[in-house]
Amino acid sequence: MTAAETLDHCVVADAVNVGRVRQEFSRWLRQFGLSPDRHNDLVLAVNEALANVAEFAYVQSPTPGVVRFSAQHDAATASLTVTVADEGRWREPTASDIPDLRGRGIPLMRSLADGTEIKISPTGTTVRLRFDGIGDNVGDMAGAVQV
Amino acid sequence: MTPVRVDRLPGRCMTTVPVGPHLTVILEMTSRDAVVAATGEIDAVNARLFADTVTNLSVGCATLLLDLRRVGFLAVDAIAAPHAIRAQMLRADADWAVLPGPAVERVLDLCDPERLVPTAAEAAHRIAV
């Protein structure tokens, strides 16, 4: 697997780092030549997964923990898998959350991704998003990667 | 997207305000009308400051056109910003509308199905665009 096929980060889970990882992911994603709308949908879904960690995973901890981010492209299946993992506690949205907004996060990720898997354990939560049809039209673009 | 012409405001003054490292707003206003154009990204880091900046800049104006065509990313939780601006405009009895680009339009489609945030196409008969 080449460097261009993977992107990994491990950062403190706060809003500023969410923005940095999102921007890095968006730059890395350009190599696949997606339409602007599709590109934006992927970035939107990934930001939502990261933002959920920053906002909720460590709300019961005195200091925020880390969020591990990984994006892996599988050329054989033309699919992209993004994994966002934390070491905090899963928290269901409550009635006190912003109405019709925070509760939409997970359904929104499910609607934007082609596959969504959420694993909850006492030691953390892992969200895995799969996007299909990625990189099946880049052809000669491999030499023109811009990250 | 239908091309929208934004006329320069006669007798205007212009102000540029950075809203953190990734967002800038430019205010162009007369004594009555304001056009606020944003360039950059809006997310959990700057959404509240963005909403506060826009509402503070447009105090006293009868109309506000919020030009978001150069916003390349709007996070889902940042949709709270246009809703906060909407609340302030309602309190001030001011007319307003958003000019969305593709990124903003997508989030409005996903998160504002009731269309509480008016877009310029819907408000063209009220706001000079």
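Each value, and the rule that gives it
Residues numbered from 1 in each chain as written. Chains lettered and ligands numbered in written order. Predicted model: local features only at pLDDT ≥ 70, side-chain atom pairs only at ≥ 80, totals over all residues. Heavy atoms only, no water. Helix = DSSP H or I, 4+ residues; strand = E, 2+ residues; numbered from the N terminus. Buried < 20%, exposed > 50% of the residue type's maximum accessible area, 1.4 Å probe, protein only. Contact = heavy atoms within 4.5 Å. Expected span 1.5 Å × (residues − 1). Arc of directions from axis to C-beta. Polar contact = N/O pair within 3.5 Å; in protein donor to acceptor, adjacent residues only side chain to side chain. Phe/Tyr/Trp six-rings, centres within 6.5 Å; stacked < 30°, edge-to-face > 60°. Core = buried A, V, L, I, M, F, W, Y, C linked by side-chain atoms within 4.5 Å. Pairing = 2+ DSSP bridges. pLDDT = per-residue confidence, 0-100.

**Looking at the overall build of chain B**
- Along chain B, the regular secondary structure elements total four helices and five strands.
- Shown N-terminal to C-terminal, the secondary structure of chain B runs as helices and strands in the order β-β-β-α-β-α-β-α-α.
- Looking at chain B as a whole, 49% of its 129 residues qualify as buried.
- Of the contacts formed within chain B by residues at least 6 apart in sequence, a portion of 60% connects residues at least 24 apart.

**Some thoughts on the overall build of chain A**
- From N to C terminus, chain A includes three helices and five strands.
- Contacts spanning at least 24 positions in sequence make up 66% of the contacts within chain A whose residues lie at least 6 apart.

**A few points about helix 2 (residues 80-91) of chain B**
Residue and element names in this part refer to chain B.
- Along its 12 residues, helix 2 runs 17 Å from first to last C-alpha, staying within 8% of the 16 Å computed at 1.5 Å per residue.
- Among the residues of helix 2, Ala 81, Pro 82, Ile 85 and Met 89 are the ones counted as buried. End-on, the buried residues of helix 2 take up no more than an arc of 90°, which puts them together on one face. Seen from the open side of helix 2, the exposed residues pointing more than 90 degrees away from its buried face are Leu 90 and Arg 91.
- Lining the buried residues of helix 2 we find helix 1 (47-57), strand 4 (63-74) and strand 5 (95-100).
- Following helix 2 by one or two positions, Asp 93 has its phi on the positive side, about 55°.

**As for the environment of Ser 121 of chain A**
Residue and element names in this part refer to chain A.
- Summarising the element assignment, Ser 121 is placed in strand 4 (residues 115-121).
- Sequence separation between Ser 121 and Phe 32 is 89 residues, and the spatial gap between their C-alpha atoms is 33 Å.
- Only 3.0 Å separates the side chain of Ser 121 from the side chain of Thr 123, close enough to count as a polar contact.

**What about the packing of aromatic side chains?**
Residue and element names in this part refer to chain A.
- Scanning the entire structure with this criterion turns up three aromatic pairs over all chains.
- For the pair Phe 25 and Phe 69, a centre-to-centre distance of 5.8 Å together with 75° between the ring planes defines the contact as edge-to-face. Of this pair, Phe 25 sits in helix 1 (residues 15-29) while Phe 69 is found in strand 2 (residues 66-74), placing the two residues 44 residues apart along the sequence. Of the two residues examined, Phe 25 and Phe 69, each falls in the buried class.
- Members of the aromatic cluster, connected to one another through ring pairs, are Phe 25, Trp 28, Phe 32 and Phe 69.

**A look at the nonpolar core**
- Ranked by size, the top nonpolar core spans 70 residues in total, and within it Phe 25, Phe 69, Leu 80 and Phe 131 of chain A together with Phe 50 of chain B carry the most contacts.
- In terms of residue count, helix 2 (residues 36-57) of chain A provides more of this core than any other element does, nine residues in total.
- One finds Val 35, Leu 65, Leu 99 and Ala 120 of chain B within the second-largest nonpolar core, a separate group that totals five residues.

**Let's talk about the side chain of Ser 70 of chain A**
Residues and elements named next belong to chain A.
- Of note, Ser 70 is situated in strand 2.
- A residue is classified by how much of its surface remains accessible, and Ser 70, at 16% relative accessible area, is buried.
- Residues within four places of Ser 70 in sequence aside, it is in contact with Leu 7, Asp 8, Thr 81, Val 82 and Thr 83.

**Considering the pairing of strand 2 (residues 23-29) of chain B**
Residues and elements named next belong to chain B.
- In terms of burial, strand 2 is largely enclosed, as five of its seven residues are buried.
- Two elements, strand 1 (residues 13-18) and strand 2, share six bridges in a ladder whose sense is antiparallel. Paired with Pro 18 across the bridge in strand 2 is Thr 24.
- Two successive antiparallel strands, strand 1 and strand 2, enclose a turn made up of four residues, where Gly 20 displays a positive phi of approximately 80°.
- The hairpin formed by strand 2 and strand 3 (residues 33-42) contains three residues between the paired strands.

**Looking at the confidence of the model for chain A**
- Per-residue confidence for chain A averages 86 on the pLDDT scale, and 81% of its residues sit at or above 70.
- In this model residues 139-147 of chain A is a low-confidence stretch, pLDDT under 50, and it forms eight contacts with partners more than four residues away in sequence or in other chains.

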